[in-house]
Each structure stands twice: as structure tokens, then as C-alpha cells.
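# Breakdown of the fold
Spelled out from the first residue to the last, the chains are:
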Amino acid sequence: MSDTHSCSDSCSGFGSFVKITVGILFFGLLTGLILCKYNANNKTYDQARAVERTKKLADLRAKEAVILENYAVVDESKGQYRIPISKAMELEVEALKNKPLHAAGVIPSK
């Protein structure tokens, strides 16, 4: 028996490998180009959206600051009034100073 084999048997494996590798590289390059183009188009949209969200956040914080820093009547019939947060904290500190200290309860272990 003679051990002869043709080049087509051994070369076809390498040729297939090269074709598959070139195909994967081409697909990766094409996908990369599409993603770069997509990101370039969306950059302006993202910037406009960021400016809009920053403006909304600033408006919300301004409204909250007005609520937290001013007196207001919430429901006079129920005796509900709104006071500035700094004044509320001062009142709570004074109330806690007048409260006697006591030992904390036992915390059960699981």
C-alpha cells in the first residue's frame, strides 16, 4: 500500500479555516461600522435629552426648595400646617432633649 494523499484533502481543511476566519472578520467589521454610525447619530439625541432632563431636575428642586423653606396651611380644619424643615428639625431636637434616656430593649438573636 502506498501512503499517498492528494493536496486537496489536506489543503481543504486549511482553506475552509481561512474562509471562515475571513467571513468572521468581515462580519465583525461590518457590525462595527454599523454600530459606529448608529452611535454617531444618537449622540445628538442623547445630548438634547440630557439637557432636557437637567432642566426638569432643576425645576423640581426649585419647587421642592420653596415647599421645604416656607410656612403654609395644609388643612386648617384638621390643624395641619407646614413649617420650614430647619424649624422642624430644631423643634425635634428640643423635644428629644426633654425626653428622658432609658436603656434600649433586648434585641433577640435569631
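See above for the structure.
Residues numbered from 1 in each chain as written. Predicted model: local features only at pLDDT ≥ 70, side-chain atom pairs only at ≥ 80, totals over all residues. Heavy atoms only, no water.

### Brief notes about the overall build of the protein chain
To be explicit about the condition: To qualify as a helix, a DSSP run of H or I must reach at least 4 residues; to qualify as a strand, a run of E must reach at least 2; elements of each kind are numbered from the N terminus. Under the scheme applied here, a residue whose accessible area is under 20% of the maximum for its type counts as buried, over 50% as exposed, and between as partly exposed, the area being computed with a 1.4 Å probe on protein chains only.
A tally of regular secondary structure across the protein chain gives two helices and two strands. The secondary structure elements of the protein chain, listed N-terminal to C-terminal, are α-β-β-α. Expressed as a percentage of its 110 residues, the buried residues of the protein chain come to 1%.

### Focus on the pattern of salt bridges
Threshold: Any Lys or Arg side-chain nitrogen located within 4 Å of an Asp or Glu carboxyl oxygen qualifies as a salt bridge.
This model, assessed by the stated rule, comprises three salt bridges. With a shortest N-O distance of 3.5 Å, Glu 52 and Lys 56 are connected by a salt bridge. Taken together, the residues Glu 52 and Lys 56, both in helix H1 (residues 7–69) and four residues apart, mark about one turn of the helix. Glu 52 gets classed as partly exposed once you look at its relative accessible area, which sits at 45%. Taking the shortest distance from any N to any O, the salt bridge between Lys 97 and Glu 94 comes out at 3.8 Å. You can see Lys 97 and its partner Glu 94 sitting in helix H2 (residues 85–98), three residues apart, about one turn around the helix. Among the residues examined, Glu 94 registers a relative accessible area of 43% and is labelled partly exposed.

### Some thoughts on a nonpolar patch on the surface
Where we set the bar: Two distance rules govern patches: like charges are joined within 9 Å, and nonpolar side chains (Val, Leu, Ile, Met, Phe, Trp, Tyr) within 5 Å, applied only to residues with over 30% relative accessible area and no salt bridge. Exposure was quantified through the Shrake-Rupley algorithm and a 1.4 Å probe, taking into account, for residues, occlusion by the shown protein chains and nothing else.
On the surface, Phe 14, Phe 17, Val 18 and Val 22 cluster together into a nonpolar patch covering about 410 Å² of accessible area. The topology assignment puts Val 22 in helix H1.

### Structural notes on the pairing of strand E1 (residues 72–75)
Test applied: Pairing between strands is defined by DSSP: at least two bridges between them are needed.
Direction of pairing for E1 relative to strand E2 (residues 80–82): antiparallel, over a ladder of three bridges. Each bridged residue has a counterpart across the sheet, and for Val 73 the counterpart in E2 is Tyr 81. Where E1 hands over to E2, the hairpin turn is made up of four residues, of which Gly 79 adopts a positive phi near 75 degrees.

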